[in-house]
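Here are the chains, one letter per residue:
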Amino acid sequence: MTGATMSGEPLRHPVKAPHLGEPVLRALGIEKYYRRNHVLRGMDVEVRRGEAVMLIGRSGSGKTTFLRCVNFLEEPTMGSIEIDGVRVEADPLHARSRAHQEQIRQIRIRSGMVFQEFNLFPHMSVLANLIEAPTRVLGVSHAEAVERAEGYLGKVGLAEKRDEYPARLSGGQKQRVAIARALCMEPKVLLFDEPTSALDPELIGEVLNVMEGLAHEGSTMIVVTHELHFAREAADRVVFLEEGRIIEEGPPEKMLDSPEDDRTKQFLRRFLASPRASET
Amino acid sequence: MTAAAGTPEAGSILAQLEAYQERSRTVFRLKFIAVWVVLIGALLGALWATGNIDLAFIAEWGPFILGGASLTILLSVVSIIFATLLAIVGAIGRLSRNAYINGVASLYVSLVRGTPLIVQIFFIYFGLPQLGIVLPSIPAGIIALSFNYGAYMTEIFRAGIQAVPPGQREAAQSLGMPERQVMGRIVLPQAFRIVIPAIGNDFVAMIKDSALVSTIAVQELLWRAGQVGTQNFRSLEALLIAAAVYWILTIVFSAFQERLEKRMARGDR
């Protein structure tokens, strides 16, 4: 897989749906308020093993907030998250309690987050970034963690960068390392929060290639993205959000070519006319 | 570079420009040094001209006063280490969501920063014995300096911790790290890098503030100068020596700190 994606040749796996397994992630009735501001208005999302779900919608529609609620970087006001059998109810009144924090940690161990701003640890080498959590959180032995890290670094095409520090990498390389870091925890689901929005245009492709490879290999993922072309190639399901609600969802061909809801149509029209306009 | 010097003409201009810039830098440096030499010379010359400077005294007692420098450095080094440890604990306390911990840490900072260092030194050395706690002068001085600087450095560390981008903490949390590990492995090491220049500054300030412990008979630089100065009615010479030693110490450590800072900047951040 690495060779094909790294050389930039498009991967074609037209049939995606049949490989889907049982549900691994269930977000039920997720509501989020910031003070009186109702940002998420009852989001239900179920993701099956091997499924790639892309969240689209204009800025402020709640895509990123939803993703951050999934691993409790934001405590939902109401609702529950279940990943791989571990279910946690939103509990904003006791969000800081030790018991709740420990439950949240179990959710986080089972999910891997990739941020818009990469957030690599600048004081650690690439390898140290990758083995930090597996050794200290999962208790994997040093040797095994290194082996794992080298494997995933190879997968994102950066095997030779293992001893570099993040400051010496390009944006696209940083993001690929960040993906490898998430993979090293062998999470049940990967969460991508606009992973290419902070990149220079010429660096976007290398990151999307890696992600597309993962999607076609059967990684389970939720991706918040503005890259509709990528969604078409890699998504099993596209979900359109507006004002904190799911307006419409379905396979990418249907969602991007013949959506039913007027709001989806309008979003796509504006987006295709000028991708940046949809963000304002 | 080679592309810029494409034509012979451009190459010659670039070479001349480089030589010119190098020359101006050298000229600046020479003028700068000249100003220092002239002004210091004038100052010493004026003192000499009064006919009151006793060189024999300086020759006889200079080495004794200079001997106090080692204690000054020892006090400063030990105190800055304790102050740093206090500051890390203090800063975590000041950022704690636990009202008790936060309250204790904030009271410490407020109390220490709200009272003069000399009062704190006297309190520990002259005040505590009344409560049955008698400390020798050197430990008393170290405790006072450590607590005092610890409070100021608490605020530096707090700012340093807050200057670590929130995304770092979020990334660590998303990897499932417990809070202790997020702090110890990700936030604090980065905060430490941010505050190293400020610690260096405080160390230089500490060298000078350590003079205050001469008041509780710690036989450091200023105490020695004071003793031999008053006994021989030669305070001017004695104080000049002490001042010169403090000055040289701060210059040396400032230069050391500057190099450290440059090395950190060159590093991997």
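Residue indices follow the written sequence of each chain, beginning from 1 at its first position. Going through the entries in the order they are written, you letter the chains from A and number the ligands from 1. Note on the predicted model: pLDDT of at least 70 is required for a residue's local features to be given, and 80 or more for side-chain atom pairs to be given and counted; whole-chain, interface and lining totals, by contrast, use all residues.

### Focus on the overall build of chain B
- Counting its regular elements, chain B contains 10 helices and 0 strands.
- The linear arrangement of helices and strands in chain B, starting from the amino end, is α-α-α-α-α-α-α-α-α-α.
- With C-alpha atoms as the basis for the radius of gyration, the globule rule is written as 2.2 Å multiplied by the number of residues raised to the power 0.38. Relative to the 2.2 N^0.38 estimate, which gives 18 Å for 269 residues, the radius of gyration of chain B is 25 Å and therefore markedly larger than a compact globule would have.
- Neighbour density around each residue's C-beta defines its exposure: 20 or more other C-beta atoms within 10 Å make it buried, 12 or fewer make it exposed, and counts between make it partly exposed, where C-beta atoms are placed from the backbone. Split into buried and exposed, the 269 residues of chain B put 30% on the buried side.
- Long-range pairs, those at least 24 residues apart, make up 73% of the contacts in chain B with a sequence separation of at least 6. Elements are defined by DSSP. Helices are runs of H or I of four residues or more, strands are runs of E of two residues or more, and each kind is numbered from the N terminus. Whether two residues are in contact is decided by their C-beta atoms, placed from the backbone, lying within 7 Å.

### So, the domain arrangement of chain A
Residue and element names in this part refer to chain A.
- Domain delimitation in this document rests on an assignment produced automatically or drawn from a domain database. The domains assigned to chain A are domain 1 (2–110 + 187–279) and domain 2 (122–186).
- Between domain 1 and domain 2, the C-alpha centre-to-centre distance is 23 Å.
- Contact with domain 1, which involves 13 residues of that partner, is made by 14 residues of domain 2.
- Those elements that place two or more of their residues in the side of domain 1 that touches domain 2 are helix 1 (2–6) and helix 7 (201–217).
- In terms of residue count, the dominant contributor to the side of domain 1 that touches domain 2 is helix 7 (4 residues).
- Residue composition of the side of domain 1 that touches domain 2, by class: 10 nonpolar, 1 polar and 2 charged. Three categories are distinguished: nonpolar for Ala, Val, Leu, Ile, Met, Phe, Trp, Tyr, Cys and Pro, charged for Asp, Glu, Lys and Arg, and polar for the others, with Gly belonging to the last.

### What about the sheet that holds strand 8 (residues 221–224) of chain A?
Residues and elements named next belong to chain A.
- Strand order in this open sheet of 6 strands is 6-7-8-3-9-10, and the pairing throughout is mixed. Single-partner strands in this sheet number two, and they are strand 6 (111–114) and strand 10 (245–250). Across the sheet, the mean angle separating the axes of adjacent strands is 20° when strand polarity is ignored.
- Sheet contacts for helix 2 (residues 63–70): strand 3 (52–56), strand 6, strand 7 (189–193), strand 8 and strand 9 (237–242); angle to strand 8, the most-contacted strand, approximately 150°.
- Here an axis means a line fitted to C-alpha atoms, over the contact stretch when the element is a helix, while the angle between two N-to-C directions is reported on a 0 to 180 degree scale. Against the sheet, helix 6 (residues 171–183) contacts strand 6 and strand 7, and its axis sits at roughly 170° relative to strand 6. When DSSP finds at least two bridges between two strands, those strands are taken to pair.

### Some details on the sheet that holds strand 2 (residues 37–48) of chain A
All names here are of chain A.
- What the 4 strands build is an open sheet, ordered 2-1-4-5; its pairing is antiparallel. Among the strands making up the open sheet, the edge pair consists of strand 2 and strand 5 (86–89). On average, adjacent strands in this sheet sit at an angle of 15° to one another, irrespective of strand direction.

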